Amino acid sequence: MISDEILFKMAVRSRQAYAEKMAEDREKAEVPLVRAEAVQLDTSAGKTPVILYRPVHSDATEPLPVFVDIHGGGFIQGSPADDDPWCRRIVSAVGCAVVSIDYHLAPEYRFPVALYECYDVVKWVYDQANIQGFDSRRIAIGGHSAGGNLTAAITLLARERREFSLIFQVLNYPVLDFVTDPYQKTTQDTLLTAKAQSFFSACYLGDAAARNNPLASPLLTDSFAGLPPALVIAAEYDPLQTENRRYAEALAAAGVPVTYRMFAGCMHAFTHFGPAAAANEAWGLIQAQLRQTFWGKGENPDGSR
């Protein structure tokens, strides 16, 4: 059993390396011009930084649909900066606002701190819609890897609490099952190894009993009925591919509209680390699904396709 002190030291080293890698990749990215504003919100975790993205030429009289983005990083690393190029592209391609959350990381803040924190941010988007120029009837949410886990869990909380409605969810290679031993998950992935999964799990959950909580392992929920329509993206060599497929199948069986797409020849986090062709195709799919959800018939806000 690794002590919390050692977990923390390992997490700090991992964060530093991860941040350096992401910064190198961001320098290569070409992004459209949008408006970006950094603000801090009061949440159950304290002060939560978020970045609000809006189109440069948005009509102030027309409320904007909103996509809430939750970054990945195994619950222990990452920041909104990792998704900055993609958030900007979504704003430009979809014609919506994007809210990107800088949630508190494990192991300092364990389950369910980040979950309730992100939930609070989504509720803020809903509650402040009139002030911020958002359309409270058109709020979608999505995340990558750990962020996909938080996304799925938030939809479960939202269904239970009924404080706001979500019209769509993007689950980008999410972790959905902490119960199955990582060493039993079939994989050819060199990034998300069984050892890495075990480390992330120990940092995020701490108490092994938490693995059985559907808010930690959404695949274990008793019912998938009434959840928002979903796009589930998986990667062929990802150890999470099976649980991604099973989750999509469970949503469909419960009558939830779902698009499932498995990208052949790809590993976990391919939308951020490549290959570029598959990454661009996946982001294009996300943008197309959000356009369809927010504007209907796959049209851009100006009426073009």
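Heads up: the structure comes first, above all this text.
Residues numbered from 1 in each chain as written. Predicted model: local features only at pLDDT ≥ 70, side-chain atom pairs only at ≥ 80, totals over all residues. Heavy atoms only, no water.

Peer 1: Before we go on, may I ask you to explain unusual backbone geometry in this structure?
Peer 2: Comment: phi is negative for the bulk of residues other than glycine, and the bulk of peptide bonds are trans. The omega angle of the peptide bond from Ala 106 to Pro 107 is 5 degrees, so this bond is cis rather than trans. Examined against the element boundaries, Pro 107 turns out to sit in the loop between β4 (97-101) and α3 (113-127). Phi at Phe 75 takes a positive value of approximately 75 degrees, unusual for a residue other than glycine. Structurally, the position occupied by Phe 75 is in the loop between β3 (64-70) and α2 (80-94). Taking the relative accessible area as the measure of exposure, Phe 75 reaches 3% and is therefore buried. Positive phi, close to 60 degrees, is recorded for Ser 145, a residue that is not glycine. By the secondary structure assignment, Ser 145 is in the loop between β5 (134-144) and α5 (146-161). (Helix = DSSP H or I, 4+ residues; strand = E, 2+ residues; numbered from the N terminus. Buried < 20%, exposed > 50% of the residue type's maximum accessible area, 1.4 Å probe, protein only.)

Peer 1: I tried to follow the packing of α3 against α5 on my own but got confused; where do I start?
Peer 2: In a packed pair of helices, the relevant descriptors are the angle between the two axes and the axis-to-axis distance. Running from amino to carboxyl end, α3 crosses α5 at an angle of 65 degrees, the nearest separation of the two axes being 10 Å. The interaxial crossing formed by α3 with α5 has right-handed handedness. In this structure, α3 uses Ala 114, Leu 115, Tyr 116, Cys 118 and Tyr 119 to contact α5, whose residues at the interface are Leu 150, Ala 153, Ile 154, Leu 157, Ala 158 and Arg 161. When its residues are assigned to classes, the contact of α3 with α5 shows ten nonpolar, no polar and one charged. (Axes fitted to C-alpha atoms, helices over the stretch in contact; angles between N-to-C directions. Left-handed = near helix turned anticlockwise from the far one by under 90°. Contact = heavy atoms within 4.5 Å. Nonpolar A, V, L, I, M, F, W, Y, C, P; charged D, E, K, R; others polar.)

Peer 1: Sorry, what's going on with the sheet that holds β5 here?
Peer 2: Within a beta sheet, neighbouring strands are joined by backbone hydrogen bonds and run either parallel or antiparallel to one another. The eight strands lie next to each other as β1-β2-β4-β3-β5-β6-β7-β8, forming an open sheet whose pairing is mixed. The sheet is open, and its two borders are formed by β1 (35-43) and β8 (258-263), each paired with just one other strand. Averaged over all adjacent pairs, the angle separating strand axes in this sheet is 20 degrees, with direction ignored. Two strands pair when backbone bridges link them, and β5 and strand β6 (residues 168-172) are joined in this way by five bridges, in the parallel orientation. Bridge pairing in β6 links Gly 143 to Leu 171. The strands touched by helix α7 (residues 241-253) within the sheet are β6, β7 (230-235) and β8, with β8 carrying the most contacts at an inclination of about 160 degrees. (Pairing = 2+ DSSP bridges.)

Peer 1: For this particular structure, what's the right way to read the packing of aromatic side chains?
Peer 2: Any aromatic ring pair is given by two values, namely how distant the centres are and how the planes are angled relative to each other. All told, the structure shown has eleven aromatic pairs when counted by the stated rule. Where Phe 178 meets Tyr 204, the ring centres are 6.3 Å apart and the plane angle is 40 degrees; that geometry is what we call tilted. Taken together, the residues Phe 178 in the loop between β6 and α6 (194-205) and Tyr 204 in helix α6 connect sequence positions 26 residues apart. Each member of the pair, Phe 178 as well as Tyr 204, is classed as buried. (Phe/Tyr/Trp six-rings, centres within 6.5 Å; stacked < 30°, edge-to-face > 60°.)

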